[in-house]
Each structure stands twice: as C-alpha cells, then as structure tokens.
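Here is how the chains run, residue by residue.
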Amino acid sequence: MTEFDADALIDATLPLLGLTLPEGSRPVVKLHLETAERLARLVLEFPLDDESEPAPVFAP
Amino acid sequence: MKSSLHALSAHELRAAVVDGETSAREIVEAALARIGALNPRLGAFTDVTAERALAKADEIDARRARGETLGPLAGAPFAVKNLFDVAGLPTRAGSKINRERAPARRDATLIARLEAADAILVGALNMGEYAYDFTGENAHDGPSRNPHDLDHMTGGSSGGSGAAVAGGLVPIALGSDTNGSIRVPSSLCGVFGLKPTYGRLSRARSFPFVASLDHLGPFARSVRDLAASYDAMQGADADDPAQAQRPTGPVASTLEDGLGGLRIARLGGYFARGGDPSAFEAVDRVARALKADRTVAFPEAERARASAYLITMVEGAALHADRLRERALDYDPDVRDRLIAGAMLPGAWVVKAQKLRRWVRDRVGEIFRDVDVVLAPATPTRAPRIGQRTFTLDGQEMLVRPNLGLFTQPISFIGLPVCAVPLWTEGERLPIGVQVIAAPWREDLVLRVARALEREGVASAPIGAAV
C-alpha cells in the first residue's frame, strides 16, 4: 500500500456519501481513519486462499 | 424485611414470595423507592415503568393467593438497557434522535420471556449512544456512575445495567455486547455478566448496532441468578433471523457440579500483555484457584481484534448512513465521528475481516479439543475516572473509549460464550473482572466455573459502598 492520505479519502468520499463534516470533526475523523488503516494492514496482509469463505450468518 | 429486600438475590426473593414472607408488591415498592432515592446519583435508569411493575406484582400475588405455582424468577425486579423495546416507550438506544420514534408496540422477546418466568420489569437503563462505547458516558442523559466510586466510569456501553445491579437497584439487568459491552461494565462495576454464544438468545425487538456481532445477555450479583435468567430467556424465536437453529441448553441443573474433570488454561500472548498489572493479577488469582497451570495461545488475536474493529466501523456506519446525512449535529460527536469514518472504508476490508473471522473460529476450535475453559482479563484496567480520555498501558498512551475492550473484542469476534467474574483486592475500592470462556454453546461450563469461583469466595459481587 502507498502512504495513507486520510484527507484525500475524506475529500473523495464526502460527496459520494452525501455527507458534510460538522465543524471540528475533520481531525477526529482523520484519527479514526488512520487507526482503521493501521488495523486494516494487519487484516489485509494475512494470507487467505481465494476459496476461503466469509463468516456472516445466512440461512436461506 | 422490607429495608433489606434490595440486597436479596432473585432466588431469595422468589423463596420469600412463595413462603409468604413478603409480597411481589412489597418488593416492587421497595425497588421503586430505592431507584427514586439513588438514581439521581447513579444515572442508571432513564425510564421507570412503575405502573406496569405494580400491575405485574399484583398479578403474581393474586396467583399465589390462588395457590398457583409461580415462575422461577417470581417477584424479581429487572431492568433493560434502553435499546430493548419496552411497549409504550420510544426505544432511544442512548440517542437523542431515537427518542422521537413512536413508542414500541411490543416488548423485546427477552423481556417477554423474563416476565413469563414472573420477573418484573421496572424500567430502562442508560447506555452509551447507539452502543458505540466502552465508557458508560452519555452526551444526552449524563454518565452512569460506578456504585463503588461515583467519580469513576461504569464502563459501557451497557453502563446503566452495570450501575443498576452493582447499586442494588435490581438483582438482574439485561444488556447488549457487540465487542464487550456486557463484559466491560461487569468488570468495572464488579458484577457477574454473561455474554452467551453468538446466535443463542433472540435479539428480536432490540435496536441493532452491528448485526454480525450483536449479542444480548444478563447481569446479576449471583451466578445462580445469572443462570436462572439465562435459562428463562432461551428458546427459538422466528423474529431473529441470526438465531442459531439449535436445541436449548439449560444450565441450572449442572451449576453446582464443580470443577471435576474440567481442563482449564489461561490465554497467553496478546492476552498477557498490554494491560495494567491489576488485570493480570486477577487472572493469576483465578488460575490459581482453578489449578489452571497451562497457557494456550489464541491464534491471531490482534488480527481478530482488528477485524472486529473494522466490521464494527463499517456495519455501524451503514446502519446510520441516513441519520448521519440528516441529523449529524444531534449525535454525540464522539460517536458520530467514528461512524463517519466507518462510512469511508473500502468494502474489501470488511470482506477480508469476515473471512478472517471464519479462519480464527476454526483455529480456536482446535484449542477446545485440549481444554474446556480458558481465562483472560476482561478489561485492561480498573474503572477510569469519568471524563478521562486517555490511559497508559504498557508505557503507551491510548484513548480510553476504544481500548477498554482490547481483551473482550477478539472473543466476541468469534461468538464464544463468556462469563465475566468480578475480583476484589484488599485496599482497592474498585473491582476488576476476568473472562471465563468456553467453546461455542458451552454456557454451562462458563457458568459452572463462575459458580465454583463464587462458592470459593474468589469472585463476588457486593453492592457498591458509594451508594
């Protein structure tokens, strides 16, 4: 992954989501995104087969 | 007797009603008086259902007068986190926004089941907004306060549930646990809390948070009450599509079986670092009492926690997408800004996290071929002060709000049943909990071990001295 730019993600997704950031929220949202990205690295780097199934419960 | 009714367990209250030493009405009147006197300081209740409770009490007393057999929880007052539907109340789920909802038309399934066992609902309890919280603080209703020291947190998000039980306002309360919201307040308030296996108890008519991870369960000051309420709540319910299609597993009949033959180990690695020494000393004491000298590893615990964290952010954000667009300023800013961030995360992250969930479940299943029960800390510290934003764990400064659940989150990620048991240290006013964990569907084992610890005096849940 390239270096994570939380501001770029915020600016790109806000219009798509139809959200506006309340005053003072940007630094806090950035902090949460940076935490999520750090945790996502742990998840994404773990090798799993293409055939591995996710776990949600669904009973047809 | 009336002055001490609040100190009795549910099973003692039932015996007193059945024997005619007191009446259900007398019990409810005493509970309502205690709630009225103490709740302004504790912030446990947001709604008191006095009229309904007195009507239910009179019905129970009339049935006793006719010689009918009373239910297993007869006369026991209970209260529920305010994300449970209570007929006639808007289900606020700790929020400002939801209190504009129409009043619920029906009770949540678990309330109906407890009342079918003749327990008596006395009200709804404070909680962290929309359950995205480990502190028990609430921006709209004020914090719930720890009955052992009112300047300290209850833990959350089921903070009112912890405060109500530890404060002796009710013997039994219900809460929800997505990442630790039953076990964290149980640890910080010093009560017993059961998070059953994912899919065991119906979630019908409770306000959701993260469908993949949401559980409901009870709190109590005695393991016997915890087991009796859990047994009363089991059973299939077509209204919860995530409920597992399994037979019920009653626990009352094996509760006193003791430790004979059980293989018990403590979790090492991730669960043996990153907390205050008090958290690990508590596990040491439980392990010594249980003669658990083995240590086993929970595979990829840190990635499990990371996965639960991401699933929570994304599913939580999806649930709140419309409200975030329309009512952003009506949220607690601490909750809102986490939800907004969750809305921005790539879908592939959460799919990978769900795949890892199955992988971890399978590997942890292998542990339970060799052991029956494993032990881990419930929280990394005793209760922080209300308003405290950060704490230092292993020399690293961290935010309190997301990190009180460090040790609970990997366990609920794969839905294992857990009983949080409270421990006390001489000279310390505040308790700390230990998680007693078993393989899926083995609630009987975690409650058996919790009961053995209670009987030996290792774990106990006294009413808070600060009330």
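Our structure is the block above this text.
No experiment lies behind these values; they were computed from the predicted model shown. (Residues numbered from 1 in each chain as written. Chains lettered and ligands numbered in written order. Predicted model: local features only at pLDDT ≥ 70, side-chain atom pairs only at ≥ 80, totals over all residues. Heavy atoms only, no water.)

On to the pattern of salt bridges. All names here are of chain B. Here the structure, examined in full by the defined rule, presents 42 salt bridges over all chains. In this structure, the salt-bridge partner of Glu59 is Lys56, at a minimum N-O distance of 3.9 Å. You can see Glu59 and its partner Lys56 sitting in helix H3 (residues 50-65), 3 residues apart, about one turn around the helix. For Arg442, the salt bridge is made with Asp444, and the minimal N-O distance between the two is 2.8 Å. Using a relative accessible area of 35% as the deciding quantity, one classes Arg442 as partly exposed. Beyond isolated ion pairs, a larger network of salt bridges with shared partners links Lys56, Glu59, Arg63, Arg66, Glu68 and Asp118. (Salt bridge = Lys/Arg side-chain N within 4 Å of Asp/Glu carboxyl O. Helix = DSSP H or I, 4+ residues; strand = E, 2+ residues; numbered from the N terminus. Buried < 20%, exposed > 50% of the residue type's maximum accessible area, 1.4 Å probe, protein only.)

Quick look at helix H2 (residues 24-42) of chain B now. Given 3.6 residues to a turn, an α-helix orients residues that are three or four positions apart in the same direction. Residue and element names in this part refer to chain B. For H2, the principal kink sits at Gly36 and spans about 35 degrees; a proline, Pro40, occurs within the next four residues. Of all the positions in H2, only Ala24, Ile27, Val28, Ala30, Ala31, Leu32, Arg34, Ile35, Leu38, Asn39 and Leu42 are classed as buried. Gly43 sits one or two residues past H2 and shows a positive phi near 60 degrees. (Bend = angle between axes of the 7 residues up to and from the residue.)

Our focus in this paragraph is the state of the cysteines. All names here are of chain B. Inspection of the entire model under this criterion finds 0 disulfides over all chains. The thiol of Cys189 is not disulfide-bonded; the next cysteine sulfur, from Cys419, is found 15 Å away. Its relative accessible area of 0% is what places Cys189 among the buried residues. (Disulfide = S-S within 2.5 Å.)

Next up on the list: the packing of H2 of chain B against H3 of chain B. Helix-helix packing is described using two parameters, namely the angle between the two axes and the distance between the axes. All names here are of chain B. At their nearest, the axes of H2 and H3 sit 8 Å apart, and the two run at 160 degrees to each other. Viewed along their axes, H2 and H3 adopt a mutual orientation that is roughly antiparallel. For the pair H2 and H3, the crossing hand works out as right-handed. Residue-level inspection shows Ala24, Arg25, Val28, Glu29 and Leu32 of H2 in contact with H3, the latter providing Ala50, Ala53, Leu54, Ala57, Asp58, Ile60 and Asp61. Among the residues forming the contact of H2 with H3, the class breakdown is 8 nonpolar, no polar and 4 charged. (Axes fitted to C-alpha atoms, helices over the stretch in contact; angles between N-to-C directions. Parallel < 35°, antiparallel > 145°, perpendicular 65-115°, else oblique. Left-handed = near helix turned anticlockwise from the far one by under 90°. Contact = heavy atoms within 4.5 Å. Nonpolar A, V, L, I, M, F, W, Y, C, P; charged D, E, K, R; others polar.)

Residue and element names in this part refer to chain B. Across all of its chains, the model carries 9 aromatic pairs over all chains by this definition. Ring geometry for Tyr270 versus Phe407: centroids 6.1 Å apart, planes at 85 degrees, classification edge-to-face. Here Tyr270 is found in the loop between strand E9 (264-267) and helix H8 (277-289), whereas its partner Phe407 is found in the loop between helix H13 (400-403) and helix H14 (409-413), with 137 residues between them in sequence. Given the relative accessible area of 12%, Tyr270 is considered buried. Seen in terms of ring centroids, Phe271 and Phe407 are 6.1 Å apart; in terms of plane orientation they differ by 40 degrees. Their pairing is tilted. Placement of Phe271 in the loop between E9 and H8 and of Phe407 in the loop between H13 and H14 is noted, with a sequence separation of 136 residues between them. You can call Phe407 buried: its relative accessible area is 1%. Three or more aromatic residues link up through ring pairs in this structure, and these residues are Tyr270, Phe271, Phe280, Phe298 and Phe407. Sitting above the plane of the Tyr198 ring, Arg357 keeps its charged end 5.4 Å from the centroid. (Phe/Tyr/Trp six-rings, centres within 6.5 Å; stacked < 30°, edge-to-face > 60°. Lys NZ or Arg CZ within 6 Å of the ring centre and 35° of its normal.)

Residues and elements named next belong to chain B. With respect to the helices, strands and loops of the structure, Arg183 is situated in helix H6 (residues 183-189). Note on Arg183: relative accessible area 0%, which makes it buried. Of the polar contacts made by the side chain of Arg183, one reaches the side chain of Asp177; its length is 2.8 Å. The contact partners of Arg183, leaving out residues within four places of it in the chain, are Asp177, Lys195, Ala378, Thr408, Ile411, Ser412, Val418, Ala420 and Gln435. (Polar contact = N/O pair within 3.5 Å; in protein donor to acceptor, adjacent residues only side chain to side chain.)

Moving on to the sheet that holds E9 of chain B. Residues and elements named next belong to chain B. Strand order in the open sheet formed by 11 strands is E1-E3-E2-E6-E8-E7-E14-E15-E11-E9-E10, with mixed pairing between adjacent strands. For this open sheet the edge positions go to strand E1 (45-48) and strand E10 (294-296), each flanked by a neighbour on one side alone. When strand polarity is set aside, the average angle formed by the axes of neighbouring strands in this sheet is 30 degrees. (Pairing = 2+ DSSP bridges.)

Before going further, it helps to examine the environment of Cys189 of chain B. In this fold, Cys189 of chain B is placed in helix H6. Cys189 of chain B has contacts with Asn146, Pro147, His148, Thr154, Gly162, Ala163, Ala166 and Pro431 of chain B, leaving out every residue within four places of it along the chain.

Residues and elements named next belong to chain B. The element strand E14 (residues 418-423) is extensively covered by neighbouring structure, given that 6 of its 6 residues are classed as buried. The alternating pattern of E14 places Val418, Ala420 and Pro422 and Cys419, Val421 and Leu423 on opposite faces, both of which are buried. For strand E7 (residues 192-195) and E14, the ladder comprises 3 bridges, and the chain directions are antiparallel. Across the sheet, residue Leu194 finds its bridge partner in E14, namely Cys419. Here E14 runs beside strand E15 (residues 432-438); their pairing, made up of 6 bridges, is antiparallel. In the sheet register, Cys419 faces E15, and the bridge partner there is Val436.

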